[in-house]
Amino acid sequence: GTTTVLELGEVELLDGVCYSVYAIGLFEGHPSLTALITIDSEPLRANLRVGHLSPDAPDVNVCLDGLLILEAVPFEVLSEYMPVREGVHQFKVVATGSGCDDEGVIDIQVVLAPNVDYSALATDILDQITPLLLEDDNSSTTIGKGRLAFVHTSPNAPTVDITLSDGTTLFNDVSFGEGPIEIEVDAGTYDLQVRDETGTVVVLSIDDVIVEDGISY
């Protein structure tokens, strides 16, 4: 056990992946001794993105299972999807400058199923910050249509309707914390409006929203 006969160099081993290492070739002669590394199985994975939607909270760090995955996330930012091993995870949100071992404003267990897309959202005001873990439907749509999903995360807004500029209702009577509510619409460009629960008062206009065929929004 004192003589090294083969050096593999740096080998990266990924969490949850099973490998086999085979010594192949000849100790003396040709072909020479080397190693064959194979991946035998990979863990099932979910996809997770994180959104900072708490309007008065500072920038935050996001930890998963004690490891920093996002740093200095400001309000209104929704991350890209990240592959995460399926199963039970500890999800924590801390103020920027704090570590994953520090007390979090959000500290919960989440269960992620394989091959499912999730959005983990920090919502409500800081004093009563509330996590939402949502399943995102990014499956194929009907040909010629896109998918719109609506989640109400404005803590001091009333129940609202989402309409077209001509008054056509897309989402009706949605209260804070509700969603995602999903519909399919024809691909095209839309002028959207947020109206109060009476459906008569426009509180926000969002013009020129492009919906592409087969895309979820």
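Counting of residues starts from 1 at the beginning of each chain's written sequence and follows it residue by residue. Per-residue local features of the predicted model are confined to residues with pLDDT of at least 70, and side-chain atom pairs are confined, for both listing and counting, to 80 or more; whole-chain, interface and lining totals are unaffected and use all residues. Excluding hydrogens and water, the side-chain values take into account all heavy atoms of the structure.

### Details of the sheet that holds strand 16 (residues 202–211)
The condition that has to hold: If DSSP finds at least two bridges between two strands, the strands pair. Per the convention used, a helix needs a DSSP run of H or I reaching at least four residues, while a strand needs a run of E reaching at least two, with both numbered from the N terminus. In this analysis an axis means a line fitted to C-alpha atoms, helices contributing only their contacting stretch, and an angle means the value between N-to-C directions, from 0 to 180 degrees.
Reading across the sheet, the 4 strands line up as 13-12-15-16 and stay open at both edges, with antiparallel pairing between neighbours. Every other strand in the sheet has two partners, leaving strand 13 (169–174) and strand 16 as the edge strands with one partner each. Across the sheet, the mean angle separating the axes of adjacent strands is 20° when strand polarity is ignored. Note: strand 15 (residues 188–196) against strand 16, 7 bridges, orientation antiparallel. Residue pairing in the sheet places Leu192 in a bridge with Ile206 of strand 16.

### Some words on the nonpolar core
Stated precisely, the cut-off is as follows: We call a set of buried Ala, Val, Leu, Ile, Met, Phe, Trp, Tyr and Cys residues a nonpolar core when their side-chain atoms join them within 4.5 Å. Classification of residues uses two cut-offs on accessible area relative to the type maximum, computed with a 1.4 Å probe and protein chains only: under 20% is buried, over 50% is exposed, and between them is partly exposed. Should any heavy atoms of two residues lie within 4.5 Å, those residues are counted as being in contact.
Grouped together as the largest cluster of nonpolar side chains are 20 residues, with contacts concentrated most on Val50, Val62, Leu70, Phe91, Ile106, Leu112 and Tyr118. Secondary structure elements with two or more residues in this core: strand 3 (45–52), strand 4 (60–64), strand 5 (67–73), strand 6 (82–85), strand 7 (87–95), strand 8 (106–112) and strand 9 (117–123). Apart from the residues lying within four places of it in its own chain, the contact partners of Leu70 are Val50, Val60, Asn61, Val62, Ser79 and Met82. Listed in part, the 14 residues of the second largest apolar core include Leu170, Leu192, Val209 and Val211.

### Re the sheet that holds strand 4
Hydrogen bonds between backbone atoms are what pair the strands of a sheet, whose relative direction is either parallel or antiparallel. An order of 5-4-7-8 is seen for the 4 strands of this open sheet, with the pairing classed as antiparallel. Both edges of this open sheet fall to strand 5 and strand 8, since each of them pairs with a single strand only. Here the average twist between neighbouring strands, direction ignored, is 20°. Note: strand 7 against strand 8, 7 bridges, orientation antiparallel. By the bridge assignment for strand 8, Val93 is matched with Ile106.

### Details of the side chain of Arg195
Filter applied, for reference: Any pair of nitrogen or oxygen atoms within 3.5 Å is treated as a polar contact; in protein, a donor-acceptor pairing is required on top of that, and neighbouring residues in sequence qualify only through side-chain atoms on both sides.
Summarising the element assignment, Arg195 is placed in strand 15. Only 3.0 Å separates the side chain of Arg195 from the side chain of Thr163, close enough to count as a polar contact. For Arg195, the side chain forms a polar contact with the side chain of Gln193, separated by 2.7 Å. Sequence-distant contacts of Arg195, defined by excluding residues within four places in its chain, comprise Thr159, Val160, Asp161, Thr163, Leu164, Ser165, Gly167, Val201, Val202 and Val203.

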